[in-house]
Amino acid sequence: MDAKELNHHFASHAHPAPLSDYDRAALKQLAEIHGTPLLVLNLAAVDRQYRALAAALPGVKLFYAVKALAHPALLARLNQLGGCFDLATAGEVNMVRDLGIAAERCIHTHPIKKDSEIREALDFGCTRFVVDNLAEVDKFLPYRQTVELIVRVSYRSQDAVVDLSRKFGCALEELDALLAHVDKQGLTVKGLSFHVGSQSTSPAAHVRAIEASIEAMARFDKMDWQWLDIGGGFPVPYQTPVMPIEDFCAPIRQALAAVPEAVEIWAEPGRFIAAPAMIELLSVMGRARRGTRMWYYLDDGVYGALSGQIFDHALYPIGLLTPREGARLPSVLAGPTCDSIDVIDEDIDLPPLEIGDVLVARMMGAYTLASATEFNFYPKPQVVVVEDLSSQP
Ligand SMILES: Cc1ncc(COP(=O)(O)O)c(C=O)c1O
């Protein structure tokens, strides 16, 4: 690589910003006050992420996918920022209702739901629902006068870490039949949606899906198309760098320019907003030499907030809170439970660790606490909310 290529290489990838000495001192103090395992929710990062995505997708209404991290402080902050909300269950509906969030700023995006869940959302005042099959459409017949439907179409992508188009989404070839059925039943469809998969490594799938959606809208020109929802998938850097959001969204913006003017564009970001907003602090609670490796047992693992390693296929950047000089040895990081699957990293080079040393895991906001269990009666990590980590305490 010559210097120009090297510059381009670094300019086109994003890493988590390094923690400053100031951040580290603030985190150390939080660990001393609250103990570990501790999740630190940094609201300044929520602001940054929301604003970065809004700037990269001007004119696109952002519905935060509550499933990524359903924390009241995060939702309240997004509400203040003017964000909207993507809800999928009655529990999520109740959470936004309790926070006083307006139902007009919410959509219900779960393609499969019970009648009781539909009624719960309607009772709250949310009237926009996603469907992707005939049986689901029929569930809305009793609420024909009130609801406005969005049809989710499936576009498979090889580039997403988490595929969301196998389980959900109407095949493009079946869209005609589904729309004809909706029409026959006297229901109103006003939008199309898709989700190309979470942690998408390239914007190509979004672009293809936008182009196909524009074509589908043109084919069904008797529908009163008002919304195109381009889903989530916006990536964040875990152990592997990703395209900066501005670069990722550039081709998406270009594709969106061809959407008819009357159609409002929506997106449903979850990971991009939540992941960088939470850091986990974990302590070494045991150490043992087993064969040629040092094993370190931490006070949270894959049954806890690091459950995202299993369910979400994420590998979080993890290191010592206070970096230490000295020889690094091949080591293993394990969680606290009695199960042998509870291993965080089998092959990590670390300086010798002592019991009580604190480690820091980054990018821990999305699909982490959301899937944590209390196996072995280890409670889920406590969450502490800070306004801005860099100005703590
Ligand atoms: C319907 C729906 N919308 C949005 C999201 C959020 O996606 P992401 O976290 O990739 O932004 C998901 C994730 O599972 C989803 O299922």
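Residues numbered from 1 in each chain as written. Predicted model: local features only at pLDDT ≥ 70, side-chain atom pairs only at ≥ 80, totals over all residues. Heavy atoms only, no water.

## Here we look at the site of the ligand
Thought 1: Neighbouring the ligand are 15 residues; His195, Ser198, Glu268, Gly270 and Tyr367 lie closest to it.
Thought 2: Here Ser198 contributes a side-chain N or O atom positioned 2.5 Å from an oxygen atom of the ligand.
Thought 3: Within the backbone of Gly270, an N or O atom sits 2.8 Å from an oxygen atom of the ligand.
Thought 4: Within the complex, 91% of the 400 Å² of free accessible area of the ligand lies under protein.
Thought 5: Each residue belonging to the shell around the ligand can be placed in one class, and the counts come to four nonpolar, six polar and five charged. (Near = heavy atom within 4 Å. Polar contact = N/O pair within 3.5 Å; in protein donor to acceptor, adjacent residues only side chain to side chain. Areas by Shrake-Rupley, 256 points an atom, 1.4 Å probe, with all protein chains shown as cover. Nonpolar A, V, L, I, M, F, W, Y, C, P; charged D, E, K, R; others polar.)

## A short note on the domain arrangement of the protein chain
Thought 1: According to the domain assignment, the protein chain consists of domain 1 (18-40 + 276-388) and domain 2 (70-269).
Thought 2: Taking the mean C-alpha position of each, domain 1 and domain 2 sit 34 Å from one another.
Thought 3: Opposite the 13 residues of domain 1 that make contact, domain 2 presents 10 residues.
Thought 4: Buried area between domain 1 and domain 2, both sides added, is near 970 Å², and the carbon and sulfur share of it is 61%. (Domains from an automatic or database assignment. Contact = heavy atoms within 4.5 Å. Buried area = accessible area lost by both parts, 1.4 Å probe.)

## Let's talk about the packing of helix α5 (residues 90-98) against helix α6 (residues 115-124)
Thought 1: The geometry of α5 relative to α6 is characterised by a closest axis approach of 9 Å and an angle of 15 degrees between their N-to-C directions. For the element pair α5 / α6, the angle class is roughly parallel. In this structure, α5 crosses over α6, and the sense of that crossing is left-handed. Two secondary-structure elements touch here, α5 through Ala90, Val93, Asn94, Val96 and Arg97 and α6 through Glu117, Glu120, Ala121, Asp123 and Phe124. (Axes fitted to C-alpha atoms, helices over the stretch in contact; angles between N-to-C directions. Helix = DSSP H or I, 4+ residues; strand = E, 2+ residues; numbered from the N terminus. Parallel < 35°, antiparallel > 145°, perpendicular 65-115°, else oblique. Left-handed = near helix turned anticlockwise from the far one by under 90°.)

## Details of the confidence of the model for the protein chain
When pLDDT is low, close inspection of the predicted coordinates is not appropriate.
Thought 1: When the pLDDT values of the protein chain are averaged, the result is 94; 96% of them are 70 or greater.
Thought 2: Every residue in residues 1-12 scores below 50 in pLDDT, and together they form eight contacts with partners more than four places removed in sequence or on other chains. (pLDDT = per-residue confidence, 0-100.)

## Brief notes about the environment of Asp247
Thought 1: Relative to the elements of secondary structure, Asp247 occurs in helix α10 (residues 245-256).
Thought 2: As for Asp247 and Gly286, which are separated by 39 residues in sequence, their C-alpha atoms are 44 Å apart.

## Remarks on unusual backbone geometry
Thought 1: Thr36 connects to Pro37 through a cis peptide bond whose omega is 0 degrees.
Thought 2: Looking at the element boundaries, Pro37 is found in the loop between α2 (21-34) and β1 (38-42).
Thought 3: Look at Tyr367: it is not a glycine, yet its phi comes out positive at around 55 degrees.
Thought 4: On the secondary structure map, Tyr367 appears in the loop between β17 (358-361) and β18 (382-386).
Thought 5: Of note, the phi angle at Asn376 is positive, near 65 degrees, even though the residue is not glycine.
Thought 6: Summarising the element assignment, Asn376 is placed in the loop between β17 and β18.
Thought 7: With a relative accessible area of 31%, Asn376 lands in the partly exposed category. (Buried < 20%, exposed > 50% of the residue type's maximum accessible area, 1.4 Å probe, protein only.)

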